[in-house]
Amino acid sequence: MKSIKYITALLFIFSVSSISAQSGEIEMADVMRESGKIYVVVAVLSIVFVGLVIYAAMIDRRLSKLEKEVNEK
Amino acid sequence: MLKYWWKILAVILVLYTIINGFLIEVPALPILHESIRNLFFHVTMWFAMIFLCGTSWIYSMMYLSSSKIEHDIIASEAANVGVMLGAIGILTGMIWANFTWGAPWVNDPKLNGAAITMLIYLAYFVLRNSMDEEQKRAKVSSVYNIFAFIMLVVFLYVLPRMTDSLHPGNGGNGTFSDLDIDNTMRTVFYPAIIGWTLIGVWFLTLRIRIKKLSYQRESELINSEN
């Protein structure tokens, strides 16, 4: 009997939450931003981008050296 | 004045896009939810692609009037970077479409137009590789490339606007600017376009320089043989 009570309670909570979701509230990742975890993603992406940029800059420099060598010949 | 100031600008603008693109407030919309932020990453790829393919178009026309092989090198390398950006644009669009339109590929005129455009540009590279004689290759592919860019504009910008498209701003669909009432998204979107485009131009200059080096070496080898 106890388990049935729990299940009905759970069902009730789910139905209430789904009703509130339908009533015009659009779910956004506000919680994610509030808890601050989105900064982790931003930091990771920034590092990935900066890493790729440094790599491209190194290729750029190596190419400049090569151009110098060829043009001096 | 630093010669590479615009590369630094490009990096700063894209970093700004990555940081603010995730942190600013965006309009809360059904279906889209937070994925509206893809505007800063998916849509900007296409802007950069158009810019590079347009560059390619201009240099193809310049080649036809000047016959300078340098112009043809720039035209082909710009098309190459443009296609690379377009491929990223299609793949990111497929992910976005999968979660908002329900399938990675829907029968949308803009999607099919993008696919046709990519095939047109792939044919440009096939055409180039099929000819060994340098001047002939440059001339024929320049003429083809001029038509290719016109087809790109038709397939990506004219036809989708004449029929119904799921893409914003097409076929009576509202644009993002209608939703972005307080213009917060614009503060990231415009810098993002400039930043990603400049990154594409950076890659373009790298490719042109490599091509010129190998071209120089080839002509040196030919001269030493004679």
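Report on the accompanying structure. (Residues numbered from 1 in each chain as written. Chains lettered and ligands numbered in written order. Predicted model: local features only at pLDDT ≥ 70, side-chain atom pairs only at ≥ 80, totals over all residues. Heavy atoms only, no water.)

## A few points about the overall build of chain A
A tally of regular secondary structure across chain A gives three helices and zero strands. Helices and strands in chain A line up, N terminus first, as α-α-α. The 73 residues of chain A split such that 14% are buried. Carbon and sulfur atoms provide 69% of the accessible area of chain A, an area that totals close to 6,300 Å². (Helix = DSSP H or I, 4+ residues; strand = E, 2+ residues; numbered from the N terminus. Buried < 20%, exposed > 50% of the residue type's maximum accessible area, 1.4 Å probe, protein only. Areas by Shrake-Rupley, 256 points an atom, 1.4 Å probe, with all protein chains shown as cover.)

## What to know about the interface of chain B and chain A
If you look at the interface, chain B gives 26 residues, while chain A gives 23 residues. Along the contact surface separating chain B from chain A lie three salt bridges. The shortest N-O distance in the salt bridge between Arg 209 of chain B and Glu 67 of chain A comes to 3.0 Å. Viewed at the interface, chain A and chain B are joined by six residue pairs in polar contact (both at pLDDT 80 or more). Of all the elements in the fold, those that place two or more residues in the side of chain B that touches chain A are α1 (5–23) and α7 (184–225) of chain B. If you tally residues by element for the side of chain B that touches chain A, the top one is α7 of chain B, at nine residues. Residue composition of the side of chain B that touches chain A, grouped by class: 19 nonpolar, two polar and five charged. (Contact = heavy atoms within 4.5 Å. Salt bridge = Lys/Arg side-chain N within 4 Å of Asp/Glu carboxyl O. Polar contact = N/O pair within 3.5 Å; in protein donor to acceptor, adjacent residues only side chain to side chain. Nonpolar A, V, L, I, M, F, W, Y, C, P; charged D, E, K, R; others polar.)

## Re the side chain of Ser 56 of chain B
Residue and element names in this part refer to chain B. Mapped onto the fold, Ser 56 is located in helix α2 (residues 42–66). Residue classification places Ser 56 among the buried positions, given a relative accessible area of 0%. Ignoring sequence-local partners within four residues, the contact set of Ser 56 consists of Ala 75, Ala 78, Ala 79 and Asn 145.

## Concerning the pattern of salt bridges
If the charged atoms of two oppositely charged side chains come close together, the side chains can form a pair. All names here are of chain B. The final tally for this structure, using the stated rule, is eight salt bridges over all chains. Residue Glu 77 is joined to Arg 207 by a salt bridge in which the shortest nitrogen-to-oxygen separation is 2.5 Å. Within this pair, whereas Glu 77 is found in helix α3 (residues 69–100), its partner Arg 207 is found in helix α7, the two being separated by 130 residues in sequence. The exposure class of Glu 77 is buried, given its relative accessible area of 4%.

## A few points about the layout of surface pockets
Taken as a whole, the second largest pocket holds about 630 Å³ of empty space. Forming the walls of the second largest pocket are 26 residues, and the residues nearest its centre are Phe 41, Met 45, Ile 88, Thr 92 and Trp 196 of chain B. Every element with two or more residues in the lining of the second largest pocket is listed here: α3 (38–72) of chain A together with α2, α3 and α7 of chain B. At eight residues, α3 of chain B tops the list of elements feeding residues into the lining of the second largest pocket. Of the residues that constitute the lining of the second largest pocket, the class distribution is 20 nonpolar, five polar and one charged. (1 Å grid on protein atoms, 1.4 Å probe; cavity = no way out; pocket = protein on both sides within 12 Å on 5 of 7 lines; lining within 4 Å. Points joined across faces, edges and corners; volume = space filled by probe spheres on them.)

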